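# Observations on the model geometry
Spelled out from the first residue to the last, the chains are:
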Amino acid sequence: MKQFFKWLLLASCPVILTNCGGTDHDDKDDEPEISTEQVAETIVGNWLLSTSDSVNWVAYEFTSSAHVNARNYQDGKYYSGSGYYWIKDNTVTGNYNTDNGRTFYLDWIVNSVKPFEIGLDIYDDTDFVGKAALYRIIGELTVEEGKETMPDYRSLCGTADVSDFKAIDESIVKVDAQTGQMTGLAEGSTFVTFSVPDGTVVAEVSVTEGIKTFAEMVVGTWIYDSPKTKTWESYTYNADGFYSIQWQTFDAYHLNESAQGNYTIDGESVVADVKSSSGMLYMKFVNVSISKFDWTYKAYDYKSNHLNGQFTAQRLLESYTMKPNDTVTPEYRKLVGNAIISGYSSHAVAIATVNDSGEITAVKKGRTYIDVKTDQGSGVVEINVEQ
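## Looking at the overall build of the protein chain
- In terms of regular secondary structure, the protein chain is built from five helices and 28 strands.
- Counting only contacts in the protein chain whose residues sit at least 6 apart along the sequence, the fraction spanning at least 24 positions is 49%.
- For the protein chain, the exposed surface amounts to about 18,800 Å²; the carbon and sulfur share of it is 46%.
- Of the side-chain charges in the protein chain, 30 are positive and 54 negative, and the distance between the mean point of each set is 8 Å.

## A few points about the nonpolar core
- Counting residues in each nonpolar core, the largest one holds 23 residues, and the members touching the most others are Y60, F62, Y96, W108, L120 and L134.
- Contributions of two or more residues to this core are made by α2 (36-43), β1 (45-49), β2 (56-62), β3 (67-74), β5 (91-98), β6 (103-113), β7 (117-124) and β8 (127-144).
- Considering each element in turn, this core owes the most residues, four residues, to β6.
- Those residues within four positions of Y96 in sequence are excluded, and the remaining contacts are V58, Y60, V68, A70, N72, G81, S82, G83, R102, T103, F104 and L106.

## Section: the side chain of Q74
- When you line up the elements, Q74 lands in strand β3.
- For Q74, a relative accessible area of 15% puts it in the buried group.

## A look at the sheet that holds strand β26 (residues 360-362)
- Taken in spatial order, the three strands make up an open sheet running β23-β26-β25, and their pairing is antiparallel. The open sheet terminates on both sides in strands that have one partner only, identified here as β23 (327-328) and β25 (352-354).
- Of the pairings in the sheet, the one linking β25 to β26 comprises three bridges and is antiparallel in character. Residue pairing for β26: T353 is matched across the bridge by T361.

## Let's talk about unusual backbone geometry
- Of note, A66 is a non-glycine position whose phi angle comes to about 75°, a positive value.
- Considering the arrangement of structural elements, one finds A66 in the loop between β2 and β3.
- What makes A66 partly exposed here is its relative accessible area of 25%.

## So, the sheet that holds strand β9 (residues 148-149)
- Strand order in the open sheet made by the three strands is β9-β12-β11, with antiparallel pairing throughout. What marks the edges here is a single partner per strand, and that holds for β9 and β11 (173-175).

Rules used in this analysis
- Residues numbered from 1 in each chain as written.
- Predicted model: local features only at pLDDT ≥ 70, side-chain atom pairs only at ≥ 80, totals over all residues.
- Heavy atoms only, no water.
- Helix = DSSP H or I, 4+ residues; strand = E, 2+ residues; numbered from the N terminus.
- Contact = heavy atoms within 4.5 Å.
- Areas by Shrake-Rupley, 256 points an atom, 1.4 Å probe, with all protein chains shown as cover.
- Lys, Arg positive; Asp, Glu negative; His and termini not counted.
- Charge placed at Lys NZ, Arg CZ, Asp CG, Glu CD.
- Core = buried A, V, L, I, M, F, W, Y, C linked by side-chain atoms within 4.5 Å.
- Buried < 20%, exposed > 50% of the residue type's maximum accessible area, 1.4 Å probe, protein only.
- Pairing = 2+ DSSP bridges.

So yeah, pure geometry; function would need other evidence.
In structure tokens, the structure reads:
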């Protein structure tokens, strides 16, 4: 049996598919006559498979030169791939290889053709999987997080006769079912479907962060983890001005301390008085550069103006508690939003490893971090391995 995206269709049975039984290609005789030319002229463009949801989705680009490019999102993992497709009468076949080494096959009988929607009978070899459709992706929209926007749907799809709006992932964007007004909820990308006279169409929606001040950027938990200097520090800054700090050293001093209190923002500096076992620390972190996922600062004692050094901390994205040999693959797309991931690495492979696909494997007892490298800096996933 071919490796096939049947998972996406079967996950929807029987709600979305009208038939999930086992018939064969002979059923195509019952379909209306659709020519090669009709299919070839209509299929060029970008499409979303109708069974797509927030957990599993597939989007295709079919070119006039018989290339197919695909984007697959399955259980928190994102893949892209390319290949070729062929059309004969109302049959579409083809395959594409993804960047994680998988091969997916197209084995479709087209049962209806509209400008914005193509009806499909999906097969796996001779086994009938079910009915689905391709919805045309007609454009891209950008919404700012926390803001509302009313798209110009007439300009987008050529008609104001639009209705039945639905967001594929309602954690990223909220859309009014009647009017189509959108509200950005969290940074990321998703799809919004809606009805027009010629079928169902799709807008690809990106929710972006607005411009943030330094005070807004610093809110969250930051990790300074340096196995080389045997130092670990965790700083959590709440929006209400409350901080929580933990720090450990693994040298001759073996410090393990924590403190809480209030911090203030002075321009682009964080200022706080920290009570430690060795006395008061008059902390002032002066910003050098800050991005979504990493922060470089100079650490001063603000009373003596002594410079303790320059450091780079990383934003904590997620934390897991695991046992040796456990594996986990975080939902990285939700952790990094619209940032483009370029790779992963472990701070201590003796404690936890990570492969090229981001799957993390616990090795032995301890705490370490997995770097998630993006075009907007490198955040970290914390791994605590217990016996």
